Amino acid sequence: FSDDVKREASKLHPYYIKTFDRVRDRLLNDTPTLPDYKKVFFTRSKLSKTHRNDTGIEILDCFFRNNGYEIVSPERTSLGELVGMLQAADDIAYLSGTLQHNMLFAPEGIKTLCVERKPMLVGYQTDIDSIKKLDTTYVSGTYSFWPGNVSISGMYAWTDGLSKYAQDQGMELPDTEY
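Below is a summary of the structure that appears in this document. (Residues numbered from 1 in each chain as written. Predicted model: local features only at pLDDT ≥ 70, side-chain atom pairs only at ≥ 80, totals over all residues. Heavy atoms only, no water.)

## Observations regarding the environment of E75
Here is step 1 of the chain: With respect to the helices and strands, the residue E75 is situated in the loop between β2 (70–72) and α5 (79–88).
Here is step 2 of the chain: We classify E75 as partly exposed; its relative accessible area is 37%.
Here is step 3 of the chain: Sequence separation between E75 and T43 is 32 residues, and the spatial gap between their C-alpha atoms is 9.6 Å.
Here is step 4 of the chain: Residue contacts for E75: discarding those within four places in its chain leaves T43, K46 and L47. (Helix = DSSP H or I, 4+ residues; strand = E, 2+ residues; numbered from the N terminus. Buried < 20%, exposed > 50% of the residue type's maximum accessible area, 1.4 Å probe, protein only. Contact = heavy atoms within 4.5 Å.)

So this is what it looks like as structure tokens:
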């Protein structure tokens, strides 16, 4: 993004950022035990509606697990634990959609990877990335079977983009059973 776009995005919601910071601080204060994971992948694989809507997430869980990431289903943690994980991590990966909006609670400048499940960027997220100064890489993780309709997610798969990302980062590939 150009500096002008970044400046505009960072002016969008200064009040809201202060509010999220207050919520974050309160949650961190009120949560007795905070996880200390350095690498976290936020998955949808345990979400009940996932099996109806998303196919192939297991390959991503396997890939990140093989590379030392803690696989976390946010819906199975408290908000305080989730915020604690975000604060402790040095490297965060997640699927696009509502999972990525949790980065409002992440530290500024953290390295993140967003595995896209639709062939489009979520507009709000690029604002969040800019406001939080996130070092985000976006990689396609799906094949779409419905040409022209970007609102329907396809099937999660091992894509050329994920292969290139893994190679560039020196990461292990997912197990061959996929």
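## Here we look at the pattern of salt bridges
Here is step 1 of the chain: In this structure the tally under the stated criterion is 7 salt bridges.
Here is step 2 of the chain: Of the charged contacts in the structure, one is a salt bridge between D91 and K111, with a shortest N-O distance of 3.9 Å. Of the two residues, D91 is situated in strand β3 (residues 91–95) and K111 in strand β4 (residues 111–116); the sequence distance between them amounts to 20 residues.
Here is step 3 of the chain: Connected through shared salt-bridge partners, D21, R24 and D25 make up one network. (Salt bridge = Lys/Arg side-chain N within 4 Å of Asp/Glu carboxyl O.)

## Quick word on the packing of aromatic side chains
Here is step 1 of the chain: What the rule picks out here adds up to 5 aromatic pairs.
Here is step 2 of the chain: Consider the rings of F64 and Y69, whose centres lie 5.0 Å apart with planes at 75°: the pair is edge-to-face.
Here is step 3 of the chain: Using a relative accessible area of 0% as the deciding quantity, one classes F64 as buried. (Phe/Tyr/Trp six-rings, centres within 6.5 Å; stacked < 30°, edge-to-face > 60°.)

## Here we look at the side chain of S96
Here is step 1 of the chain: On the secondary structure map, S96 appears in the loop between β3 and β4.
Here is step 2 of the chain: Residue S96 is classed as buried on the basis of its relative accessible area of 4%.
Here is step 3 of the chain: Once residues lying within four places of it in the same chain are set aside, the contact partners of S96 are C114, V115, E116, R117 and K118.

## Some points on the nonpolar core
Here is step 1 of the chain: In this structure, F42, L60, F64, L86, I92, L95 and M103 are the most contacted members of the largest nonpolar core, which totals 39 residues.
Here is step 2 of the chain: Secondary structure elements with two or more residues in this core: α2 (14–30), β1 (39–42), α4 (57–66), α5, β3, β4, α6 (123–131) and α7 (160–169).
Here is step 3 of the chain: With 5 residues, the top contributor of residues to this core is α4.
Here is step 4 of the chain: Not counting chain neighbours up to four residues away, the residues in contact with L86 comprise F42, I92, N102, M103, F105, A106, P107 and I110. (Core = buried A, V, L, I, M, F, W, Y, C linked by side-chain atoms within 4.5 Å.)

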